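The chain contents come next:
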Amino acid sequence: RRRAPGLPEVLALGTLILGAFLLREAAVYLQILYWPFVVCWAVMSGASKGRVVCVMIAFALPMIAGAEAYKSWNQFRTGERYITTSTQNVAYFPGMELDRRGIAVFAGDALLHDMEALDHSAGVTRGQNVARIRNHLMGEHGFSHLDLARYGMDMFFDQWRTYPAHMISIALREVQEKQAFIPFMPAKAAIQLKFWATGDNSRDSRTLYVLDRMERIVAVMISLAFLIGVPVLAVRQVRTHGKNIRNYDPAATTMVLYWLLYAGFTSVYALVHLELRYLMPVEPLTLVIGVVLLVGLGGRVRAH
């Protein structure tokens, strides 16, 4: 509608992002992916540069202030300023993959060189190997859980500096082809519900199995429409309007921004560890946008 954003409503949206942070701490990083939405909203409504800056501050302020308050709360309780220690596990995952590839990231580490070698044989989980690292650092070097988290992140960034090509390869491996099946999976959901409720993973219903196979075709079509169709829209907007963002079609711009948001969620998690459930905040509009583009394509085909 090209309506200018009001500061109170943008502040309220930023507060919702803070609410997401209280559910999952990764929002402290993921919130940056929403900034382009607010900037484009302000710019396309004709706001001045000063107004754009004010709108961005209003949007980012609740999250930034909330994160700092959370750190202060932990400092008051524990004497240490931090948000969470969740990286004490996942930060070591890329290093374990490097170790599996024969790169001695642990054998060459000052604190882990005398640790029992990790076991990469079939059936041994990442969690078991992380426990081996954790037990060594806590038992031999007196690490706390916060020390483990910080040391893991230090190793993670050092590995990116030292082995960038391998780390990119590891991140790409985290992106799963199963993502293409998520937009449409009612039969699969029923199969999974049965498994989680009973532990029975057998597919005794032939009809359900056949529907599961068929729905994958629909899901892949929706995913491809989203992944390919949105960049095509973006190119058309740039060719038509160039740098004049105010003339861009709002619906097309929203789709492009959402595509970037989806790519951002995938990339941020893939750098360390990506579970498909992490994409729940961004997956629904993949379905909506993919279907809209497919319907539009079908209309153009019928018109010709």
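The next subject is the packing of helix α10 (residues 186-198) against helix α11 (residues 206-241). Where α10 meets α11, the closest approach of the two axes is 7 Å, and the angle between their N-to-C directions is 130 degrees. Taken as axis vectors, α10 and α11 run oblique relative to one another. The crossing of α10 and α11 is left-handed. Residues Pro186, Ala187, Lys188, Ala190 and Ile191 of α10 form the contact with α11, whose own contacting residues are Leu208, Leu211, Asp212 and Glu215. Of the residues belonging to the contact of α10 with α11, the class tally is six nonpolar, no polar and three charged.

What follows deals with the pattern of salt bridges. One pass over the structure, following the stated rule, counts 11 salt bridges. Glu68 is paired through a salt bridge with Lys71; the nearest N and O atoms lie 3.5 Å apart. With Glu68 and Lys71 both in helix α4 (residues 49-78), this residue pair falls three residues apart, about one helical turn. In this structure Glu68 comes out as partly exposed when scored by relative accessible area, which is 34%. Here Glu97 ties to Arg100 by a salt bridge, and the two come within 2.6 Å at their closest N and O atoms. Residue Glu97 and its partner Arg100 are located together in helix α6 (residues 93-100), separated by three residues, close to a single helical turn. Residue classification places Glu97 among the buried positions, given a relative accessible area of 13%. Judged by its relative accessible area of 44%, Arg100 is partly exposed.

On to the packing of aromatic side chains. Applying the stated criterion across every chain yields a total of 12 aromatic pairs. Measuring from ring centre to ring centre gives 6.4 Å for Phe265 and Tyr269, while their planes differ by 55 degrees; the resulting arrangement is tilted. You can see Phe265 and its partner Tyr269 sitting in helix α12 (residues 250-270), four residues apart, about one turn around the helix. Between Tyr269 and Tyr278 the ring centres are 4.6 Å apart and the planes differ by 35 degrees, which places this aromatic pair in the tilted class. Taken together through their ring pairs, the aromatic side chains of Tyr34, Phe37, Phe265, Tyr269 and Tyr278 make up a single cluster. Seen from the ring of Tyr278, Arg24 lies directly overhead, with NZ or CZ sitting 4.3 Å from the centre. The ring of Trp73 is capped by Arg77, whose NZ or CZ atom sits 4.1 Å from the centre of that ring.

Cut-offs applied
Residues numbered from 1 in each chain as written. Predicted model: local features only at pLDDT ≥ 70, side-chain atom pairs only at ≥ 80, totals over all residues. Heavy atoms only, no water. Axes fitted to C-alpha atoms, helices over the stretch in contact; angles between N-to-C directions. Helix = DSSP H or I, 4+ residues; strand = E, 2+ residues; numbered from the N terminus. Parallel < 35°, antiparallel > 145°, perpendicular 65-115°, else oblique. Left-handed = near helix turned anticlockwise from the far one by under 90°. Contact = heavy atoms within 4.5 Å. Nonpolar A, V, L, I, M, F, W, Y, C, P; charged D, E, K, R; others polar. Salt bridge = Lys/Arg side-chain N within 4 Å of Asp/Glu carboxyl O. Buried < 20%, exposed > 50% of the residue type's maximum accessible area, 1.4 Å probe, protein only. Phe/Tyr/Trp six-rings, centres within 6.5 Å; stacked < 30°, edge-to-face > 60°. Lys NZ or Arg CZ within 6 Å of the ring centre and 35° of its normal.

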